[in-house]
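# Coordinate analysis (summary)
Chain by chain, the residues:
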Amino acid sequence: MPIIPADLVHSGGMPSAAELEAKLLGGETLLANTPDHLIEVVDVLNSYGEVLDAYSTNLIFQAERQLLLPFPLFKYLDGDNSPAKIWRHLNHDRINFEYAEYCMKAMLWHGTGGLDAYLDSEPFAASCAAIISKKTRRDPLLALLHPLFPGFLIELIRAAATTHALGQFWRVMSDLFLDLARAEADGRVASIDDVVEFIKAGLVAAAANPITYGVEVAGEHLWVLPPKAGLTFLVDVAVPYVEAVFLRGMPFLGTVSFNAQAHQISPDQAQFAYGALYADPLPTMGSGIPPSLLMQDMYRHLPERLHSWYLQRTRGEGDVRVKICMSFQKSMFCVTNAAIRGTFPHPLGSTDPQARSANRAYAAAWASRLAVARTDCLAVKPPVA
Amino acid sequence: MLSILLLIPFAGVLLLALWPGRPAEGRMRTVTLLVLGLQMAWSLVVLARFDPGNSAMQLQESFPWVDILGLEYKLGVDGLSLPLVLINGALTLVAGICTRDIDKRPRIYFALLLVISGAVNGAFLAENLLLFFLFYELELIPLWCLIAVWGGVNRAYASTKFLIFTAASGMLILGAFLGLALYTGTVDFSLTPVTSERLAMGSQLVLLGALLIGFGIKVPLFPFHNWLPDAHTQASTPVSVLLAGVLLKLGTYGLLRFCMGLFPEAWALLAPGLAIWAAVSVLFGSLAAIAQTDMKRMVAFSSVGHMGYILLAAAAVTPVSILGAVFQMVSHGLISALLFLLVGIVYRKTGTRDLTVLHGLLNPERGLPFTGTLMIVGVMASAGMPGMAGFISEFMVFRGSISAYPVATLLSMVGSGLTAVYFLLLVNRAFFGRLAVTPLIDPVAHGRLDVNLAAVAPRETIPAMALAVAVFAIGMLPYGLGKLSEAATTAMVQLPALAAALQTGGLG
């Protein structure tokens, strides 16, 4: 057995489900409270906030202005089709909106929560029929496609609805993360617990925000997700988003076939564990690894403080996207932590045995899922030169 | 003109030895690189003066040294030796460049490097058997020192084994040369005139047998290969580059120049057996490489296999096969040097060469992606992918040999296929998959390890990049090397052809 130098390979260790449950019930943060963690989480969320701002704007633009467009060649240009913008896009001087679409597809595919239920409802079918009827009147290609494949355009509208809902969700999260950076800068946030509380407060404040989506077709405003559907931010979009993107995720294209042959992919979609909390940061920037796009986007907006922090560690600029991914994973544990803290069935300080039992069951359910996530990033790590 | 190729490295040795004070390693290295650069430049001057259309020895220099012993200082260069002189110049320079962090006695280390380079030049240029032998022996002790002093943990074992094997090789070669003088009753040790025709076939076979084993050890051919994997495993990267790229070629050069050149009749008689020996060596080297888990041992066993092609080509004795043998010597020199350089980088960064431990080194940001890319280029070249040096060499060897020895050639082609097998195993194990430097026992734990390998600086890959470019250059434009050697290699086949014609009872 060869001797492997200890400084080459590091294992963070994994807390057990019981330890995680105890932390959640005790109001402790999952991520260890250290000054380094605070810099990583706040600054990476600051960068993420900038990226989400662009993602949100583009997703809403796509859903509202590119609906049922047969060839949406300019969907990433946000309506600015100038030669300069097209050149920047082709020259890859741009945000990778493909990653935003990847997240939307994950939400649409896993299909959990109120939004998904509404997309299969009668009122939604009626809205689709109205939109398709108007669209096919003006577009011969759609008029040909619809009778041949009656489910196709409806599925495209479902995708557009999910796209818009995700755009609205990210609008809120973008503002929240940018506010967090400002709060840390002026001293209102000084620990990981403050970060979790700040995010929790933001999520709770936005919980009841309505999620609606309407489009203009031939000068007429038509609802896809009408206000009367009663869809709200937290329950119908945020929770399904966490389920689809943080927890379940999708096995990456290219690895699917190999993993399926090795019986490594569960036949039960609900058991999938490929989300942000389970992802391996090391292959970042490898071929076919979609989060690489997000890391590249965040790299464009990296605050100087975090950039300098990265430059002092491991390969400096050489592996900066891997380090962004590691920090991002830590920040996503904080967001999950905030979401769990904000959705306990009863206050954590409650003395009522029934309330305590319900809280314990809720914490245990989360802990069992998180116990197999990449919790090795949560502990305090020795500095690596 | 040719003496300067000896003078430069040996003067460099003197310069290093007499350098006043205790100069730093960096200064010794700079001086060595300047000397080696000068030697390479002079090799190119020789190339410019060389007439490729002339098959005879050129730029000859001679003066009597010890007449009574038949030792004459006589140098010359032809299309067989010139490519090897160029390879020696280039690879010694590469070895000097990739030498870093010599922790002890840098003055002696670099001096030994220059001694080896000068001795190898001498051996390739010598036109006198005893002079060849002197230079052949001269590189042994420096190489032994380089392994024994600057080698790995088991360097004492590996270096002693190397010394015993190669000393036996030297004794056999000297014995054969002296035997030639004894049987012919002359002390003329010059390469020409060939005096062996005066010998009875039995005597020729005995002397040729001794030379075959002597050079077979150096090449090395199965079953005399045993020293090579250990020597490579314990040698430092620059020494492995020299050993695989240059020193093994002394053996193959000896096979072509002395075994085939001095004993054409006996060679023609033994050729069918030699072809089978070549195929066995190719298959053994390839199969043994498949079984290795140490990257360096795998590359070392691949050398055993790839050197077998040269014996096959020599046994076939056709113009195409002999030219293919020259190509194979050059391309194996470049490719094996490239592979050893890259294995050296992997070892320096990870501390291991164990294929059960290394995984995913192609990882773009945390692994060694450029090293991995060059490794893929190297293994493709070694496996004979078209467009690279390995292809044109193997193609010429097989094309030139198949009509003479179809079975042995086909078996050797299987060995060529096996090259792809073991090198793809190497690439798949060490470079693909999830990055890790640990045994893959628990996949879950394995997938959670954070790996912090030091980055490879661009300057560390410059020598490997240069070799990769040379591999492509020879693969894409083989005409230059072919033109350089064709006249000489075609002339070499005339003598055995004559002998074979005589044996079959007629000349036409």
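Below you will find a few notes about this structure. None of the values given here were measured: they were computed from a predicted structure.

Reading the values: rules and limits
Residues numbered from 1 in each chain as written. Chains lettered and ligands numbered in written order. Predicted model: local features only at pLDDT ≥ 70, side-chain atom pairs only at ≥ 80, totals over all residues. Helix = DSSP H or I, 4+ residues; strand = E, 2+ residues; numbered from the N terminus. Rg over C-alpha atoms; globule rule 2.2 N^0.38 Å. Buried ≥ 20, exposed ≤ 12 C-beta atoms within 10 Å, placed from the backbone. Contact = placed C-beta atoms within 7 Å. Nonpolar A, V, L, I, M, F, W, Y, C, P; charged D, E, K, R; others polar. Pairing = 2+ DSSP bridges. Axes fitted to C-alpha atoms, helices over the stretch in contact; angles between N-to-C directions. Parallel < 35°, antiparallel > 145°, perpendicular 65-115°, else oblique. Left-handed = near helix turned anticlockwise from the far one by under 90°.

The subject of this paragraph is the overall build of chain B. Within chain B, the secondary structure is distributed over 20 helices and five strands. The C-alpha atoms of chain B give a radius of gyration of 22 Å, which matches the 23 Å a tight globule of 508 residues would have. Seen along its three principal axes, the alpha-carbon backbone of chain B occupies a region of about 75 × 60 × 40 Å. The burial tally for chain B puts 59% of its 508 residues in the buried class. Here the analysis covers contacts within chain B between residues at least 6 apart in sequence; of these, 79% occur between residues at least 24 apart.

On to the overall build of chain A, then. Looking only at helices and strands, chain A has 15 helices and three strands in total. In terms of overall size, chain A behaves like a compact globule, its C-alpha atoms giving a radius of gyration of 22 Å where 385 residues would be expected to give roughly 21 Å. With the C-alpha coordinates of chain A rotated into their principal frame, the extents come out at 70 × 55 × 50 Å. For chain A, the proportion of its 385 residues judged to be buried stands at 41%. Sequence-distant contacts, at least 24 apart, represent 79% of the contacts inside chain A between residues at least 6 apart.

To continue, consider the interface of chain B and chain A. Listed by partner, the interface residues are 22 residues for chain B and 24 residues for chain A. When the residues that make up the side of chain B that touches chain A are grouped by side-chain class, the tally is nine nonpolar, seven polar and six charged. Pairing between strand 1 (residues 9-10) of chain A and strand 5 (residues 450-451) of chain B: two bridges, direction antiparallel. Directly across from A:His10, in strand 5 of chain B, lies its bridge partner B:Asp450.

Another point: unusual backbone geometry. Here B:Val219 and B:Pro220 are connected by a cis peptide whose omega angle stands at -10°. As for its position among the elements, B:Pro220 is in the loop between helix 8 (201-218) and helix 9 (227-234). Located in the positive-phi region is A:Ala218, a residue other than glycine, with phi close to 55°. You can see A:Ala218 is positioned in the loop between strand 2 (213-217) and strand 3 (220-225). For A:Ala218, a count of 9 C-beta atoms within 10 Å gives the class exposed. In this structure, A:Met285 takes a positive phi of about 80° despite not being glycine. Positionally, A:Met285 belongs in the loop between helix 11 (256-261) and helix 12 (291-300). Overall, the presence of 21 C-beta atoms within 10 Å leaves A:Met285 in the buried class.

All names here are of chain A. The geometry of helix 2 (residues 35-65) relative to helix 4 (residues 97-110) is characterised by a closest axis approach of 10 Å and an angle of 70° between their N-to-C directions. Relative to helix 4, helix 2 is oriented roughly perpendicular. Here the hand of the crossing between helix 2 and helix 4 comes out right-handed. Packed against helix 2, whose contacting residues are Tyr 55, Asn 58 and Leu 59, the element helix 4 presents Phe 97, Ala 100 and Met 104 at the interface. Residue classes in the contact of helix 2 with helix 4 are distributed as five nonpolar, one polar and no charged.

This part takes up the environment of B:Gly202. Residues and elements named next belong to chain B. Assignment of secondary structure puts Gly 202 in helix 8. Overall, the presence of 9 C-beta atoms within 10 Å leaves Gly 202 in the exposed class. Linking Gly 202 and Ala 266, residues 64 residues apart in sequence, is a C-alpha distance of 8.6 Å.

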